[in-house]
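Take a look at the letters that make up each chain.
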Amino acid sequence: MGGSTAFLYHDDFLKYQFGPHHPFQPVREKMTLDTLRSLGAFDGDSDIVVPRSTDVETLMTVHFDWYIERVRELSAKGGLLDQGDTPASPGLYEGAVMAVGATVDAARGIAEGEFDHAFNPAGGLHHAYPARASGFCVFNDMAVAVRVLQREYGIGRIAVIDIDAHHGDGTQAIFYDEDVLTISLHRFGDRFFPGSGEADETGELEGAGRNINVPLPGGTDDNLFLHAFRSVAIPALQSYRPDIIIQQFGVDGHYRDPLADLGYTTRGYAEVARLTHELAHELCEGRYLVVGGGGYDLDATMRTWSIMYSIMSEAPIDRQRLMELHDWDSPLSDRNTTLKVLDTIEEVKQRSLPLLEMVIRYA
Ligand SMILES: [Zn+2]
Ligand SMILES: [Zn+2]
């Protein structure tokens, strides 16, 4: 398949943090870079792209100016950006605009043909709304990148596929009534954050049929996750035929992650990366932008992202060393969970896939 891949990295990513005891630790991004470097994944350092921070005007394609100003002020003097888990501290604003800038630069690089694929580990801040921070997310980098692709490059069909353990609620809300395909596979139920993401949230107006949620119960394992991905995400992408695929690759569904109680492993994530990468070549000339997201077990996050990057970049990495990054355990779902997931997949397939087919045909 081939094609070049960029890894976006800037030390300002480390400024996007909420304190030493907070679960979100940006050092995982540097750990991933260092691991890949030691594996010889980069062609010299030419695959490592140093991004520029985004400007306020570009941020304003998604976010309100008063909200941007509020983040800047709170970041300087300290305070809470949401109801409790997203505190502002010095440097947060700089880190946040760099995280967005990296996704925007990755999108521009792909649109201009500089490279085919790109990974911004600091992106994927999918809980951010136009005027509200939430769940460790300040600005929605993916949404800003979508606006840049639409307005500066005239790209019409964009798909955002989100595999984070949590529902991509901010992204869903921003594009709910627009012709952007948004797919999210996430844990749902038992008051799991953020509480949205049911199968019947399918989009409105121009967005009708273009929002697909696969709500999964706690304890869902690799096999079921892959079954959901293959049964829903792949056929939806095939019928939408996007010009670019943006994938939120949050890895807090990993079985070692402290926040989500899902049972995914590096093997499941590797297969999702392989399938999506292949599909990007089949459907959109390789245009494939991957961003980070959740991932609160630092070691599991570093290993999973390194494996994912080695797959999308097809870097000639020593197989033995790559094997050492994989998990050896593989948790399995119990019978109840399995039946529940199979039901959900069937429900989403029967509701969402024909609806998407129909709205595309009559668009
Ligand atoms: Zn490729
Ligand atoms: Zn998450």
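Heads up: these notes are all about the structure in this document. (Residues numbered from 1 in each chain as written. Chains lettered and ligands numbered in written order. Predicted model: local features only at pLDDT ≥ 70, side-chain atom pairs only at ≥ 80, totals over all residues. Heavy atoms only, no water.)

### Description of the overall build of the protein chain
Looking only at helices and strands, one finds 11 helices and 10 strands in the protein chain. In terms of C-alpha radius of gyration, the protein chain reaches 19 Å, essentially the compact-globule figure of 21 Å for 363 residues. Considering the protein chain as a whole, with its 363 residues, one finds that 61% of them fall into the buried category. If you take every contact in the protein chain between residues at least 6 apart in sequence, the share linking residues at least 24 apart comes to 77%. (Helix = DSSP H or I, 4+ residues; strand = E, 2+ residues; numbered from the N terminus. Rg over C-alpha atoms; globule rule 2.2 N^0.38 Å. Buried < 20%, exposed > 50% of the residue type's maximum accessible area, 1.4 Å probe, protein only. Contact = heavy atoms within 4.5 Å.)

### Some points on the environment of L355
Assignment of secondary structure puts L355 in helix α11 (residues 335-361). Spatially, the C-alpha atoms of L355 and T202 are 8.9 Å apart, while their sequence positions differ by 153 residues. In this structure, L355 is in contact with T202 and G209, ignoring residues within four places of it in sequence.

### Here's the deal with the pairing of strand β8 (residues 211-216)
Counted residue by residue, β8 has six buried out of six residues, so it is predominantly covered. The alternating pattern of β8 places N211, N213 and P215 and I212, V214 and L216 on opposite faces, both of which are buried.

### What to know about helix α3 (residues 65-77)
Quick reminder: α-helices carry 3.6 residues per turn. Residues three or four places apart thus point the same way. For α3, with 13 residues, the first-to-last C-alpha span of 19 Å sits near the 18 Å given by 1.5 Å per residue. Among the structural elements, α2 (56-59), β3 (79-80), β4 (87-88) and α4 (92-111) are those in contact with the buried residues of α3. Two residues or fewer after α3 comes G78, characterised by a positive phi angle close to 90 degrees. (Expected span 1.5 Å × (residues − 1).)

### What to know about the sheet that holds strand β7 (residues 181-187)
Taken in spatial order, the eight strands line up as β2-β1-β5-β10-β9-β6-β7-β8 in an open sheet, and their pairing is parallel. The two strands at the open ends of the sheet, each matched to only one other strand, are β2 (48-49) and β8. Pairing between β7 and β8: six bridges, direction parallel. Paired with R187 across the two strands is L216, which belongs to β8. Contacts from α11 reach β7 and β8, with the element oriented near 175 degrees to β8. (Pairing = 2+ DSSP bridges. Axes fitted to C-alpha atoms, helices over the stretch in contact; angles between N-to-C directions.)

### Structural notes on the packing of aromatic side chains
In this description, a pair of aromatic rings is defined by centroid distance and the angle of the planes. Evaluated as defined, the whole model comprises 18 aromatic pairs. Directly above the ring of Y129 sits R132, whose terminal nitrogen or CZ lies 4.3 Å from the centroid. Taking NZ or CZ as reference, R157 lies 5.0 Å from the ring centre of Y240, over its face. (Phe/Tyr/Trp six-rings, centres within 6.5 Å; stacked < 30°, edge-to-face > 60°. Lys NZ or Arg CZ within 6 Å of the ring centre and 35° of its normal.)

### Description of the nonpolar core
Formed by 119 residues in total, the largest nonpolar core has its most connected members in V138, F139, I183, L185, F229 and F249. Examining the composition of this core, we find that 12 residues originate from one element, α4, more than from any other. What F139 contacts, discounting residues up to four positions off in sequence, is L59, H63, Y67, I68, V71, Y93, A96, V97, V100, L125 and A128. (Core = buried A, V, L, I, M, F, W, Y, C linked by side-chain atoms within 4.5 Å.)

### Remarks on the packing of helix α7 (residues 222-240) against helix α8 (residues 266-284)
Between α7 and α8, the shortest axis-to-axis distance is 10 Å and the interhelical angle comes to 10 degrees. Overall, the two elements α7 and α8 adopt an arrangement that is roughly parallel. Contact residues: α7 offers D222, F225, L226, F229, R230, I234, L237 and Q238, while α8 offers R267, G268, Y269, E271, V272, L275, T276, L279, E282 and L283. (Parallel < 35°, antiparallel > 145°, perpendicular 65-115°, else oblique.)

### Here we look at the side chain of S352
With respect to the helices and strands, S352 occurs in helix α11. A relative accessible area of 1% means that S352 is categorised as buried.

### Regarding the pattern of salt bridges
This model, assessed by the stated rule, comprises 19 salt bridges. Linking D299 and R303 is a salt bridge whose minimum nitrogen-to-oxygen distance equals 2.9 Å. Here the residue D299 and the residue R303 both occupy positions in helix α9 (residues 298-313), the gap between them amounting to four residues, near one helical turn. When its relative accessible area of 33% is taken as the criterion, D299 is described as partly exposed. You can call R303 buried: its relative accessible area is 8%. (Salt bridge = Lys/Arg side-chain N within 4 Å of Asp/Glu carboxyl O.)

### Re unusual backbone geometry
Residue F193 is joined to P194 through a cis peptide bond whose omega torsion reads -5 degrees. Note that P194 resides in the loop between β7 and β8. Look at F136: it is not a glycine, yet its phi comes out positive at around 70 degrees. Topologically, F136 is positioned in the loop between β5 (117-120) and α5 (141-153). Here F136 falls in the buried class, since its relative accessible area comes to 10%. Phi is positive for E314, which is not a glycine, with a value near 50 degrees. Of note, E314 is situated in the loop between α9 and α10 (319-323). Classification of E314 as partly exposed rests on a relative accessible area of 40%.

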